[in-house]
Amino acid sequence: MAPQAGKGEKPFHIVSPLLESLPLSKAAGTKVYMKLENVQPTGSFKIRGIGHLCQQGGRAGSGTSLPAGGNAGLAAAYSAKKLGLPITVVVPSSTGSTTVHRLQELGAEVEVYGKVWDDANRRALELAQTEGRVIVPPFDHPLVWQGHASLVEELKESLDTKPDAVVLAVGGGGLLAGVVAGLQQVGWQDVPIVAAETWGAHSFHLALEAGHLLSLPDITSVAKCLGAKRVAARALECAQECQVISQVLEDREAVQAVEQFLDDERMLVQPACGAALALLYTGRLQRLQAEGRLPTLLSSLVVVVCGGSSIQLGQLRALKSQLGLE
């Protein structure tokens, strides 16, 4: 069963659709199921973990929460609205105006601070310390991971057999930690995870190669939703508990995947999600099979379509122009 929000309370997330994708299956050479987290109430998987955290512990303190980040902010603002709590969301300047407007529509006070997530997070922590507010961390909290684990429990209920791999994107590491927790809970801990990042937002890959946590000097990728300079410590632990295969892609590959997915499945997703899709479109999966890092025969895999809350067609066109893809 998925984690319960609390006695008599329904979770804020929905059971997202699991659909087979013929175009992705053709590209990957095996049956591909899409876990459509982009249709969650706030447009991304974040509502699972942050909604769960807010329902479990968000009533403490002053009742004001301060997350930092776009998708996480939307999830927290939605949760606060449901709970009838005031909220301030601190976001970096890289957050699009559409996301800021949506946060305000949900009743959140929005403060723009710094260039990247880490800057906004420092500001949120400062406000929490000086004004006694409650922080809602976007990815680094056990209750967030527990909420994200519900995704795997839904897979267990929907699929006849376990998948041969799970493909997902990694930013701060919350989704990875939640999926690993879910795999362990349903007895699928032997299912490998292929974790995608883009160069310039590859904090997980950097830590994995070093064997310890390191910080990127800056976030230079266009996939801003992957933009944590330092991955959560739990993400590195996950790589020791399960088979996690790190793959880093170019921004161009991620954005091309976004456009291809729009043509193939009629859904517009963010470049962060495009990084995971690009693993299938670019043949990276087959390369991993050839290298012996994935089984030669794959019966099926699941790709987590993690979100599309902060992308519009005009932004896709601008990204293509910026990267010379026009």
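Every value quoted in this text rests on a predicted model; they were computed, and no experiment measured them.

Turning our eyes to something else, we now look at helix α10 (residues 233-241). Of the residues making up α10, those classed as buried are R234, A235, L236 and C238. Summarising the contacts, the buried residues of α10 are in contact with α6 (142-148), α8 (174-186), α9 (203-210) and β7 (244-249).

It is worth spelling out the packing of aromatic side chains at this point. For the structure shown, the criterion picks out one aromatic pair. Measuring from ring centre to ring centre gives 6.4 Å for F12 and Y78, while their planes differ by 85°; the resulting arrangement is edge-to-face. Of this pair, F12 sits in the segment before β1 (18-20) while Y78 sits in helix α3 (residues 70-83), and the two are 66 residues apart along the sequence. In this pair, the class of F12 matches that of Y78, namely buried.

Moving on to empty space enclosed by the protein. Summed over the entire model, instances satisfying the criterion amount to one cavity of 30 Å³ or more. Computed from the structure, the largest cavity encloses a volume of approximately 50 Å³. Every residue lining the largest cavity is counted, 10 residues in all, and those nearest its centre are P11, H13, R48, H52 and Q55. Looking at the lining of the largest cavity element by element, the count peaks at five residues for helix α2 (residues 46-57). Split by residue class, the lining of the largest cavity holds four nonpolar, five polar and one charged.

The domains assigned to the protein chain are domain 1 (18-45 + 141-323) and domain 2 (46-135). Listed by partner, the interface residues are 28 residues for domain 1 and 19 residues for domain 2. Contact between domain 1 and domain 2 buries roughly 2,000 Å² in total, counting both sides, with carbon and sulfur atoms accounting for 54%. Counting across the domain 1 and domain 2 interface gives three salt bridges. For D218, the salt bridge identified is with K115, shortest N-O distance 3.8 Å. Taken together, the connections running from domain 1 to domain 2 amount to 11 residue pairs in polar contact (both at pLDDT 80 or more). Of all elements in the fold, only α6 and α7 (150-158) reach the threshold of two or more residues within the side of domain 1 that touches domain 2. For the side of domain 1 that touches domain 2, the element with the most residues is α6, which contributes five residues. Residues of the side of domain 1 that touches domain 2, tallied by class, amount to eight nonpolar, 13 polar and seven charged.

A separate point is the pattern of salt bridges. With the rule as written, the count across this model stands at 13 salt bridges. Among the ionic pairs, E37 bridges to R48, the shortest N-O distance being 2.7 Å. Placement of the pair is E37 in the loop between β2 (31-36) and α2 and R48 in helix α2, with a sequence separation of 11 residues. Both residues of the pair, E37 and R48, belong to the buried class. Notably, a salt bridge pairs E237 with R234, separated by 3.1 Å at the nearest N-O pair. A residue pair is termed a helical-turn pair when its members lie 3 or 4 positions apart in one helix, as E237 and R234 do in helix α10 at three residues. On the basis of relative accessibility, which here comes to 14%, the residue R234 falls in the buried class.

Further remarks concern α2. In a regular helix each residue adds 1.5 Å, so 12 residues correspond to 16 Å; α2 covers 16 Å between its end C-alpha atoms and thus fits that length. With 10 of its 12 residues buried, α2 lies for the most part within the structure. Listed in full, the buried residues belonging to α2 are K46, I47, R48, G49, I50, G51, H52, L53, C54 and Q55. Residues of α2 that are buried sit in contact with β2, α3, α6 and α7.

So, how was this worked out
Residues numbered from 1 in each chain as written. Predicted model: local features only at pLDDT ≥ 70, side-chain atom pairs only at ≥ 80, totals over all residues. Heavy atoms only, no water. Buried < 20%, exposed > 50% of the residue type's maximum accessible area, 1.4 Å probe, protein only. Helix = DSSP H or I, 4+ residues; strand = E, 2+ residues; numbered from the N terminus. Contact = heavy atoms within 4.5 Å. Phe/Tyr/Trp six-rings, centres within 6.5 Å; stacked < 30°, edge-to-face > 60°. 1 Å grid on protein atoms, 1.4 Å probe; cavity = no way out; pocket = protein on both sides within 12 Å on 5 of 7 lines; lining within 4 Å. Points joined across faces, edges and corners; volume = space filled by probe spheres on them. Nonpolar A, V, L, I, M, F, W, Y, C, P; charged D, E, K, R; others polar. Domains from an automatic or database assignment. Buried area = accessible area lost by both parts, 1.4 Å probe. Salt bridge = Lys/Arg side-chain N within 4 Å of Asp/Glu carboxyl O. Polar contact = N/O pair within 3.5 Å; in protein donor to acceptor, adjacent residues only side chain to side chain. Expected span 1.5 Å × (residues − 1).

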